[in-house]
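Chain by chain, the residues:
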Amino acid sequence: MGNGEMSAQAFIDELRWRGLLTQVSDEEGLLDYLDAGCQSLYCGFDPTAESLHVGSLVPLLALRRFQLQGHRPLLLLGGATGMIGDPSGRDDERSLNTGDMVSEWVQALQAQVSGFLEFEIKNDSAAKIVNNLDWTHDLPVIDFLRDIGKHFSVNSMIQRDSVKTRLERSNEGISYTEFSYMLLQAMDFLRLAQSENCLLQIGGSDQWGNIVSGIDLIRRHTGKSAFAFTMPLVTKADGTKFGKSAAGAVWLDPKKTSPYAFYQFWLNTADADVIKFLKLFTFLQQGEIERLEVETCERPEQRQAHKKLAQEVTTIVHGAKAVVAAERISAALFAGDAHELLESDLEELRQDGMPTTGCAVGAGLLTALVESGLTKSTGEARKLIQANGIKLNGESISDVGRDLTFADALYGNFYLLRKGKKNYHLIVRVS
């Protein structure tokens, strides 16, 4: 074993401690498979948008965990299955996307996921990206029905949870298109077993039936034993959906969810979830996580576990510089000292949806306060200023007749208005 590698049993035990193991098809067989040396495994990601969201981090980081143990991760992008739609976990049919759109999303995801695994290392564990469109786009339908469909019983297929749930809903049902998804996923497993000697598929717990179907298909075609390993679909302690913020889904793409908003999402994790998330989403050792658990119990107001979670996950996804920027923005807003902010920080806040109003040079502060929505009238604005309730770029304002000349604006273009402790508004110069 190389540096940091452990026995298969110790590795599986750690995954179980982290809460990362939901189901395994044949644990003894899997342990023997993993102990035999560098082994290939894969996980599939369908392109349903131009970015993955935070829910995808569990399987992405699981692939990385296996690679750190000397195994070879295959990351499958569903250029074909992305045009079909996985019925798992859905109450209705997905909208079908065009081939061109799916192809664009595949390219975007390929660039995005490449930062999570090692592709350039010169040993057998170097990761590889594969696309199931490569073995399906020229596949004759008759060959597919004879070679793949022949091995599937409709009776057993309709008992799968992803199908059964839909069939039991009145006025719903499932199309043949989505019904065929498990055949396509099983075929993916078979093709990778044949071409890459890959006999382990990992995925979310909702994928269990599809993965087991692939195991059966591999056995029928090759006589080999393959393995299924599933992980939990992350939920919050209060029952609300994981991966949502006030602004919507939390994406891995910094253009869709800025690193600052991403950091804040993890920092705002509920106390009941923070240790669970440290186990699931970081590579911190057991001793460190247990220390943070004690800290959370004894000194919850310090929020050390929350800060560590935000730092670790933001570093994994966006890099160490993004953490520095996120903490700088957080500190500046908390202290009300806007002069600590970089121009890129202000642009990031603007991207995140901080309320913003355009303002011409020379406009009055009272007018700006009303147009920004911070006050309902110039009279209210005047009273707030006189009561020291308004700050401009972190400084108290006493002159109710103040004009915004932008001579003292941040980077010549921004004023950060603050009403009270938490109501911020960006005033941006317009020509």
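That block above? That's the structure.
A few points on the structure. (Residues numbered from 1 in each chain as written. Predicted model: local features only at pLDDT ≥ 70, side-chain atom pairs only at ≥ 80, totals over all residues. Heavy atoms only, no water.)

The biggest cluster of nonpolar side chains holds 106 residues, and the ones touching the most others in it are L57, L200, I202, W266 and F281. When residues in this core are grouped by element, the largest group, 10 residues, is from helix 9 (residues 181-196). Discounting chain neighbours no more than four positions away, the residues touching L200 are L30, Y33, L34, S40, L41, Y42, F66, F189, F227, A228 and F229. In this structure, C359, A368, L374 and Y415 belong to the second largest nonpolar core, which totals 17 residues. (Core = buried A, V, L, I, M, F, W, Y, C linked by side-chain atoms within 4.5 Å. Buried < 20%, exposed > 50% of the residue type's maximum accessible area, 1.4 Å probe, protein only. Helix = DSSP H or I, 4+ residues; strand = E, 2+ residues; numbered from the N terminus. Contact = heavy atoms within 4.5 Å.)

Our next topic: the pairing of strand 9 (residues 356-360). Here strand 9 shows one buried face, formed by T357 and C359, and one open face, formed by T356, G358 and A360. Where strand 9 and strand 15 (residues 423-430) come together, five bridges link them in parallel fashion. From the neighbouring strand, T356 faces strand 15, where its bridge partner is L426. (Pairing = 2+ DSSP bridges.)

The next thing to look at is the sheet that holds strand 1 (residues 23-24). Pairing in this open sheet of six strands is mixed, and the strands run 1-6-5-2-3-4 from one edge to the other. Whereas interior strands pair on both sides, the edge strands pair on one side only; in this sheet they are strand 1 and strand 4 (128-131). Summarising the sheet, strand 3 (residues 72-77) and strand 4 pair through four bridges and their orientation is parallel. Paired with L76 across the bridge in strand 4 is V130. On the sheet, helix 4 (residues 99-113) packs against strand 3 and strand 4 and is oriented at approximately 155° with respect to strand 3. (Axes fitted to C-alpha atoms, helices over the stretch in contact; angles between N-to-C directions.)

Packing of helix 13 (residues 286-298) against helix 14 (residues 304-318) leaves a shortest axis separation of 8 Å and a crossing angle of 140°. In this view, helix 13 runs oblique relative to helix 14, as classed from their interaxial angle. Taking contact as the criterion, the partners of E288, L292, E295 and T296 in helix 13 are, on helix 14, Q304, A305 and K308. Split into classes, the residues belonging to the contact of helix 13 with helix 14 amount to two nonpolar, two polar and three charged. (Parallel < 35°, antiparallel > 145°, perpendicular 65-115°, else oblique. Nonpolar A, V, L, I, M, F, W, Y, C, P; charged D, E, K, R; others polar.)

All of the buried residues along helix 7 (residues 161-168) are S162, V163 and R166. Each buried residue of helix 7 lies within a common arc of 95° when the element is viewed along its axis, so the set occupies one face. In helix 7, the exposed positions angled more than 90 degrees off the buried face are occupied by D161 and E168. (Arc of directions from axis to C-beta.)

Right, let's get into the sheet that holds strand 12 (residues 395-396). If you walk across this open sheet you meet the five strands as 9-15-14-11-12, and the pairing is mixed. The strands lining the two open edges of the sheet, one partner per strand, are strand 9 and strand 12. Relative to strand 14 (residues 414-419), strand 11 (residues 390-392) runs antiparallel, the two sharing three bridges. Considered in strand 14, the bridge of I390 is made with K419.

In this section: the packing of aromatic side chains. Applying the stated criterion across every chain, the model contains 14 aromatic pairs. Consider the rings of F262 and W266, whose centres lie 6.1 Å apart with planes at 65°: the pair is edge-to-face. Placement of the pair is F262 and W266 together in helix 11 (residues 259-267), with a separation of four residues, close to one helical turn. Between W266 and F277 the ring centres are 6.2 Å apart and the planes differ by 80°, which places this aromatic pair in the edge-to-face class. In this pair, W266 sits in helix 11 while F277 sits in helix 12 (residues 271-281), placing the two residues 11 residues apart along the sequence. For the pair W266 and F277, one class covers both residues: buried. Taken together through their ring pairs, the aromatic side chains of F242, F262, F265, W266, F277 and F281 make up a single cluster. R65 extends its terminal NZ or CZ atom over the ring of F283, reaching a point 4.6 Å from the ring centre. A cation over a ring is seen here: K256 above W251, with NZ or CZ 4.5 Å from the ring centre. (Phe/Tyr/Trp six-rings, centres within 6.5 Å; stacked < 30°, edge-to-face > 60°. Lys NZ or Arg CZ within 6 Å of the ring centre and 35° of its normal.)

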